[in-house]
Structure formats: structure tokens, C-alpha cells
Amino acid sequence: MRRNHLKVFEKLRNLRGIQRERLSLLTTLADIDIIREIGFYQERGTPITLKLLSLKNIGSTATVQRRLRRLKRLGLVLQKRSRHDRRNVELSVSPEVRNIYRTKELLFRSR
């Protein structure tokens, strides 16, 4: 049983190393949570909107908007108008961020 726990913590250490090395621009837990939620909805095929992201209890609406503005400026998060309702903005993570998280996924699956 202890050996399994050791493997889990080893994988978590490796994942954090990748994040520190390749996603060093994610400086707060809110940044990480925002990227995770956007990526989750993107992979599901239903892009998340700012309103839905604000309802995820990541932080206050002002904090989420401020952190999101920074992530967009850094090119980690992309936005586009919804085809169905031009008033809504759909959020997605950049292809580079998706590739980094796919690398992390492969690492977590291995061993």
C-alpha cells in the first residue's frame, strides 16, 4: 500500500515540475483554476463563457476578470464570439497550453 502512495506522490511531483517549468506564468491558484475550467469545457466540446466561469467559485467576479485579462494578454487564453449568440464570448486555452496539459496527462497515465 505504501508503494502505491509513493507512486502517486512521485507523479504529482513530476506534474508540478512540468507546470513550474512550462507554465510558470500561472502564478496563482486562481490562474490554475481558470485554465483548468476553461480546458475542461473546451475538451468537453462546450466552450465556457465568462458568466459560467464566474460561477465556479474561483474567486470574486472582479478577481476572475482581472486574472482572465492577464491570461489573455499572455496568450494562454483565447476568446471568440459565440456563433449562436454574438453577445457571448467563448473562452479556450491556447494550443500550446493544451499540448502541455496533454503531456501531463500522458505522464499521469504512465507507469
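Notes on the structure follow. (Residues numbered from 1 in each chain as written. Predicted model: local features only at pLDDT ≥ 70, side-chain atom pairs only at ≥ 80, totals over all residues. Heavy atoms only, no water.)

## Description of the sheet that holds strand β1 (residues 48-49)
Condition: Should DSSP find at least two bridges between two strands, the strands are regarded as paired. In this description a helix means any DSSP run of H or I spanning at least four residues, a strand means any run of E spanning at least two, and both kinds are numbered starting from the N terminus.
In space, the three strands of this open sheet follow the order β1-β3-β2, with antiparallel pairing throughout. Strands at the two margins of the open sheet, each flanked by one partner only, are β1 and β2 (77-81).

## A few points about the nonpolar core
Selection rule: Among buried residues, the Ala, Val, Leu, Ile, Met, Phe, Trp, Tyr and Cys ones that are joined through side-chain atoms within 4.5 Å form a nonpolar core. The cut-offs for exposure are 20% and 50% of the maximum accessible area for each residue type, with area from a 1.4 Å probe on protein chains only; residues under the lower value are buried, those over the upper are exposed, and the others partly exposed. Contact between two residues is taken to exist if any of their heavy atoms lie within 4.5 Å; hydrogens are not considered.
Membership of the largest hydrophobic core comes to 20 residues, with the highest contact counts inside it found for Ile34, Ile35, Ile38 and Leu53. Residue assignment for this core shows that the elements contributing at least two residues are α2 (29-44), α4 (61-73), β3 (89-93) and α5 (95-109). Those residues in contact with isoleucine 35, other than ones at most four positions away along the chain, are Leu26, Leu71, Leu76, Val77, Val93, Val97 and Tyr101.

## Focus on the pairing of β3
Where β1 meets β3, two bridges bridge the pair, whose relative direction is antiparallel. Following the sheet pairing, threonine 49 is matched in β3 by glutamate 90.

## Things to note about α4
In an α-helix there are 3.6 residues to a turn, and that puts residues three or four apart on one side. Where we set the bar: To estimate how far a helix should extend, the number of its residues minus one is multiplied by 1.5 Å. What the arc measures is the spread of directions leading from the helix axis to the C-beta atoms.
The terminal C-alpha atoms of α4 lie 18 Å apart, and with 13 residues this matches the ideal 18 Å at 1.5 Å per residue to within 8%. Those residues of α4 that fall on the buried side of the exposure criterion are Val64, Arg67, Leu68, Arg70 and Leu71. The arc that holds every buried residue of α4, seen down its axis, measures 160°, which confines them to one face. Exposed and oriented more than 90 degrees from the buried face of α4 are Arg69 and Arg73. On its buried face, α4 is in contact with α2, α3 (50-54), β2 and β3.

## Some thoughts on the pattern of salt bridges
Selection rule: Take a side-chain nitrogen of Lys or Arg and a carboxyl oxygen of Asp or Glu: if they are within 4 Å of each other, that pair is a salt bridge.
For the structure on display, the rule yields five salt bridges. Across the pair aspartate 31 and arginine 67 runs a salt bridge, and its minimum N-O distance is 2.8 Å. With aspartate 31 in helix α2 and arginine 67 in helix α4, this pair connects stretches of sequence that are 36 residues apart. With its nearest N and O atoms 3.3 Å apart, the salt bridge here joins arginine 70 to aspartate 31. Of the two residues, arginine 70 sits in helix α4 while aspartate 31 sits in helix α2, which places them 39 residues apart along the sequence.

## Observations concerning the environment of glutamine 79
Quick reminder of the rule: Pairing of N or O atoms within 3.5 Å defines a polar contact, subject to two protein rules: one partner must be a possible hydrogen donor and the other a possible acceptor, and residues neighboring in sequence count only if both atoms are side-chain atoms.
Note that glutamine 79 resides in strand β2. Apart from the residues within four sequence positions on either side, glutamine 79 is in contact with Lys72, Val89, Glu90 and Leu91. In terms of polar contacts, glutamine 79 uses its side chain to reach the side chain of lysine 72, at 2.6 Å.

No statement about biological role is implied by the geometric values presented.
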